[in-house]
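# What the coordinates show
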Amino acid sequence: MHAEGGTRSLAELAASAFADYRDGRPEAMSELVDSTTALLWHTARAQGLSGPQAEDVVQNTWLALVQSASGITDPQGVLKWLLTTTRREAWAVSKRSRREDVRDDMGEAMPDVAATSDEPAEAVVRSAEQGLLWRHFKDLPVRCQQLLRVIAIAERPDYAQVADALGMPVGSIGPTRGRCLAKLRTALLGDPGWATP
Amino acid sequence: MSGSWEDQGWDGQDWKGQAWDGPDWEAAAAGEIDEQDLRVLATLRTVVQASDPVPSGLAERAKFAMSVAALEAEIAEITTTTAELAGVRSTQYDRAGTITFSSDQLSAMITIEVVDGGNARLSGWVSTGSTHVELRERSRTQETTTDDAGRFTFSSVERGMIHLVMRRLDDPQSRPVITPAIEI
C-alpha cells in the first residue's frame, strides 16, 4: 500500500480485488484485506476507540462486506464503502461505550474514551521533527486530527475519497490541501524548530 | 455528507481563537498539495504508525471470519495441544507437525513436513466418507478428494497461513467444515 511515490490508488486496487472476488477468486479478497486493513484500523482509532473495540469494528466491517457483496453494485465505491462502514460503526461503539462509562457507578472508570486517540507519542517520537509535528498536530481541532491521522496513512490519489468517507466537507483535502492541512503546515512552517530542507 | 463546515460543527472560531475564514486561510487551503505538505504527512504517518501499530494478525483474523461467513461453515477445533503443534507454529520450520481437528460432523488429522527447506508437504486423513478438501493458501487454492481410506495429500504447500475447507460428498446438504488458520 505504500507504493514508491505514493501514487498507487487503493481505491482502484480495492475495486479490482472486489470484482475478482465476485468473479469467483476468493484469494482476491485476501489481497484486499491485506492492503486495506491498516486504513480501517486508523479510521476506527481516530474515532477514539480502544484497541479491542477497534479490532472488533474492523473485523465486523469486513464481515459486512462479505454479507453485502451482492448488493454493492459499483466496485469503484468499495474503498469508500469500507471506510464509511468503519467510521459509522466506530462512532456507534464510541457513543455506546461513553454511555456505559456514565452508568459505571463503581468508580472504576475506564480510561476516557477520547483519550485513547490521544496516544502518546512521546514514547515513540524518534526525532525533534516528529515531536514538533505531534505538538502542533495536537493543537488542531479534533475533526482535523481525525482526518489527518487517516489521511497520513492513505495514498494521495485516495485523499478526497477518504475525506468524503470520513464525513468531511468536499474540499477538506485533495487535490487542494484544505483547511486542516493548511493549518498544520502553516503552524510548522512558522516554527523555527521545523527546519526547511 | 458534504455540507458546509458550519453543518459539521465548525463555528469558524474554534482554533486558538483565530478565524478559519479569511483571505489568507482560504488561499492556503485552496493551494495544491506540495512537497512541504507531503513532508508533513509523511512525518505524521511515521508517528502514527509507531504510536498505534495495526495489531498483528488482525487481517488474518478478519479473513478467517469472512471465510466462515461466506461458506456458512462449521469451525473445526484444534484438538491437539502437544509440542508437535507448537513445532508447526514456531519459527523452527524444519520439524514436521501433526494436528488433529474435530467438528460436529467429522474429525481430521494432518501432518506437515517441510520438503528441502522450501515448500511443505501436507498429508491428511478425514473420518467421514468421500470428502472434498480445499487448501486455502495465501494467494491460491488447491483442491483434492479423499481416497477410499479417507486420505489426501497436497505435495507442495506455500509457507504461511493456511486453512482447510472440507465438504462431505456423501452428504451434500451438510455445512462445509473449516479449520482455524495454521501457520506452516
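All figures in this text were calculated on a predicted structure; none of them were measured in a lab.

## With respect to the overall build of chain B
Helix and strand counts for chain B come out as 4 helices and 11 strands. Of all 184 residues assigned to chain B, the portion counted as buried reaches 26%. Considering only intrachain contacts with a sequence separation of at least 6, the fraction spanning at least 24 residues in chain B is 47%.

## Some points on the overall build of chain A
In terms of helices and strands, chain A carries 9 helices and 0 strands. Its helices and strands in sequence order give chain A the pattern α-α-α-α-α-α-α-α-α, from N to C terminus. Here chain A holds 197 residues, and the buried ones make up 43% of them. For chain A, the share of sequence-separated contacts (at least 6 apart) that also reach a separation of at least 24 residues comes to 66%.

## A look at helix 1 (residues 10-22) of chain A
Taking 1.5 Å as the rise per residue, helix 1 of chain A with 13 residues should run 18 Å; its terminal C-alpha atoms sit 18 Å apart, in good agreement. Two residues or fewer past helix 1 of chain A, Gly24 of chain A is found with a positive phi of approximately 95°.

## Points about the confidence of the model for chain B
All names here are of chain B. In this model, chain B carries an average pLDDT of 81, and 78% of its residues clear a pLDDT of 70 or more. A low-confidence stretch, residues 1-9 stays under pLDDT 50, and its non-local contacts, those more than four residues away or across chains, total 12 contacts. Here residues 85-94 is a poorly scored stretch, pLDDT under 50, and it has 14 contacts once near neighbours within four places are set aside; other chains count. Taken over the whole predicted complex, pTM reads 0.76, whereas the ipTM for its chain interfaces reads 0.84.

## Thoughts on helix 6 (residues 128-138) of chain A
Residues and elements named next belong to chain A. Within helix 6, the full set of buried residues consists of Leu133, Trp134, His136 and Phe137. Summarising the axial view, the buried residues of helix 6 lie within an arc of 165°, below the 170-degree limit, and thus occupy one face. Of the exposed residues in helix 6, the ones pointing more than 90 degrees away from its buried face are Ala128 and Lys138.

## Side note on the nonpolar core
Membership of the largest hydrophobic core comes to 63 residues, with the highest contact counts inside it found for Leu147 and Ile151 of chain A. Ranked by residues supplied to this core, first place goes to helix 2 (residues 26-46) of chain A with 9 residues. When residues are assigned to domains, this core turns out to be shared by domain 1 (8-53) and domain 2 (58-183) of chain B, each giving three or more. Ignoring anything within four residues of it in the chain, the contact list for Leu147 of chain A reads Ala163, Leu166, Met168, Ser172, Ile173 and Cys180 of chain A. Judged by nonpolar contacts, the second largest core, of 21 residues, contains Ile99, Ala120, Phe154 and Val177 of chain B.

## Side note on the interface of chain A and chain B
On the chain B side, the residues contacting the 54 residues of chain A number 45 residues. Counting only elements with at least two residues in the side of chain A that touches chain B, the list comes to helix 2, helix 3 (51-68), helix 5 (121-124), helix 6, helix 7 (142-153) and helix 9 (178-189) of chain A. Tallying contributions element by element places helix 2 of chain A first for the side of chain A that touches chain B, with 11 residues. Residue composition of the side of chain A that touches chain B, grouped by class: 29 nonpolar, 11 polar and 14 charged.

## Overview of the pairing of strand 4 (residues 107-114) of chain B
For a regular strand, the rule is simple: side chains alternate between the two faces of the sheet. Residues and elements named next belong to chain B. Of the pairings in the sheet, the one linking strand 3 (residues 97-102) to strand 4 comprises 6 bridges and is antiparallel in character. Bridging across to strand 4, Thr100 finds its partner in Met109. Counting the residues in the hairpin turn of strand 3 and strand 4 gives 4 residues. The pairing of strand 4 with strand 5 (residues 120-126) spans 7 bridges and is classified as antiparallel. Paired with Ile110 across the strands is Gly124, a residue of strand 5.

## Remarks on the sheet that holds strand 8 (residues 151-157) of chain B
All names here are of chain B. The strand order across the open sheet formed by 5 strands is 2-3-4-5-8, and the pairing between neighbours is antiparallel. For this open sheet the edge positions go to strand 2 (77-78) and strand 8, each flanked by a neighbour on one side alone. The sheet contact formed by strand 2 and strand 3 spans 2 bridges and is antiparallel. Residue Ile78 lies in a different strand from strand 3, and its bridge partner there is Phe101.

## Quick word on the environment of Ala160 of chain A
Residues and elements named next belong to chain A. With respect to the secondary-structure elements, Ala160 resides in helix 8 (residues 159-165). When the 19 C-beta atoms within 10 Å are taken as the criterion, Ala160 is described as partly exposed. Sequence-wise, Ala160 and Gln67 are 93 residues apart; in three dimensions their C-alpha atoms are separated by 27 Å.

Definitions and cut-offs
- Residues numbered from 1 in each chain as written.
- Chains lettered and ligands numbered in written order.
- Predicted model: local features only at pLDDT ≥ 70, side-chain atom pairs only at ≥ 80, totals over all residues.
- Helix = DSSP H or I, 4+ residues; strand = E, 2+ residues; numbered from the N terminus.
- Buried ≥ 20, exposed ≤ 12 C-beta atoms within 10 Å, placed from the backbone.
- Contact = placed C-beta atoms within 7 Å.
- Expected span 1.5 Å × (residues − 1).
- pLDDT = per-residue confidence, 0-100.
- Arc of directions from axis to C-beta.
- Core = buried A, V, L, I, M, F, W, Y, C linked by C-beta atoms within 7 Å.
- Domains from an automatic or database assignment.
- Nonpolar A, V, L, I, M, F, W, Y, C, P; charged D, E, K, R; others polar.
- Pairing = 2+ DSSP bridges.

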